[in-house]
Amino acid sequence: MAEVDVEFEPFFTEYRKWLVRQAQALCGDRHEAEDLAQSVFLRMYCRWPTVDRPSESCGYLKRVLNSVFVDARRKAAVAREVSVGELPERPAVAGEVEAGGAVLHSLSQLPPRQRQVIFLRFWADLDVVETSRVLGCTPGTVTSQTSRGLRRLRQLLDGGRHDTDAGVIQFTQSERVFTTC
């Protein structure tokens, strides 16, 4: 196992922060993003000896991230927490709102399936067919969820941040904090 550790460590160091940012865009919570990233790297580590080209593993990381996210959601649906009458107010943590701007905040308010589709289509830069393959649904479902998600994002964002005539959300450079590999 020492040989795997030596080969895996630079990969982990290079992609850790990037993967946490991607996971946060997907789930909307920094702590959950850390857990997701840890699970992704654990899966990658277990399969590391079978990876042919470690330098080209970015796409595989995205796919494993989505799988881990879906698995976590399915498990959470089975083991739900008990609801209380009133939720306590949670103050914003310094830097939390600025980190992703209005788009990240709005993205976190989308339903999980729409958030997944928007994430995969626009942040992970997958086309409709690739997105449908990753999510295990039809291309038509991806198209409809994309449309609904973008419509909801337009509603959530203030009037100066989107182009209503063209129907396209325009991200400023500071809002697109998530980069591709």
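All figures in this text were calculated on a predicted structure; none of them were measured in a lab.

Undergrad: Any chance you could explain the pattern of salt bridges here in plain terms?
TA: Pairs may arise between side chains of opposite charge once their charged atoms sit close together. All told, the structure shown has 3 salt bridges when counted by the stated rule. Its salt-bridge partner being Arg-30, residue Glu-34 comes within 3.4 Å of it at the nearest N-O pair. Taken together, the positions of Glu-34 and Arg-30, both in helix 2 (residues 30-47) and 4 residues apart, correspond to about one turn of that helix. Here Arg-43 ties to Asp-71 by a salt bridge, and the two come within 2.8 Å at their closest N and O atoms.

Undergrad: What am I meant to see in the packing of aromatic side chains here?
TA: Evaluated as defined, the whole model comprises 9 aromatic pairs. When the centroid spacing of 5.7 Å and the interplanar angle of 50 degrees are considered together, the rings of Phe-8 and Phe-11 count as tilted. Of this pair, Phe-8 and Phe-11 both sit in helix 1 (residues 2-27), separated by 3 residues, roughly a single helical turn. Phe-11 matches Phe-8 in its accessibility class, with the two residues each being buried. Cluster of aromatic residues (ring-pair linked, three or more members): Phe-8, Phe-11, Phe-12, Tyr-15, Trp-18, Phe-41, Tyr-45 and Trp-48. Looking at Arg-121, its charged tip hangs above the ring of Phe-122, at a distance of 5.7 Å from the centre.

Undergrad: For this particular structure, what's the right way to read the environment of Arg-121?
TA: Within the secondary structure, Arg-121 sits in helix 5 (residues 112-123). Separated by 25 residues in sequence, Arg-121 and Thr-146 have C-alpha atoms that sit 8.1 Å apart. Setting aside residues up to four positions removed in sequence, Arg-121 forms contacts with Leu-126, Asp-127, Val-128, Thr-131, Val-142 and Thr-146.

Undergrad: Sorry if this is basic, but what is going on with the nonpolar core here?
TA: Note on soluble globular proteins: their nonpolar side chains tend to be buried together. In terms of nonpolar packing, the biggest core is built from 39 residues, with Phe-11, Leu-19, Val-40, Met-44, Leu-61, Leu-65 and Phe-119 touching the most fellow members. Among the secondary structure elements, those contributing two or more residues to this core are helix 1, helix 2, helix 3 (58-78), helix 4 (96-108), helix 5 and helix 7 (139-156). In terms of residue count, the dominant contributor to this core is helix 1 (10 residues). In this structure, Leu-61 is in contact with Phe-11, Tyr-15, Trp-18, Leu-19, Val-40, Phe-41 and Met-44, ignoring residues within four places of it in sequence.

Conventions and cut-offs
- Residues numbered from 1 in each chain as written.
- Predicted model: local features only at pLDDT ≥ 70, side-chain atom pairs only at ≥ 80, totals over all residues.
- Heavy atoms only, no water.
- Salt bridge = Lys/Arg side-chain N within 4 Å of Asp/Glu carboxyl O.
- Helix = DSSP H or I, 4+ residues; strand = E, 2+ residues; numbered from the N terminus.
- Phe/Tyr/Trp six-rings, centres within 6.5 Å; stacked < 30°, edge-to-face > 60°.
- Buried < 20%, exposed > 50% of the residue type's maximum accessible area, 1.4 Å probe, protein only.
- Lys NZ or Arg CZ within 6 Å of the ring centre and 35° of its normal.
- Contact = heavy atoms within 4.5 Å.
- Core = buried A, V, L, I, M, F, W, Y, C linked by side-chain atoms within 4.5 Å.

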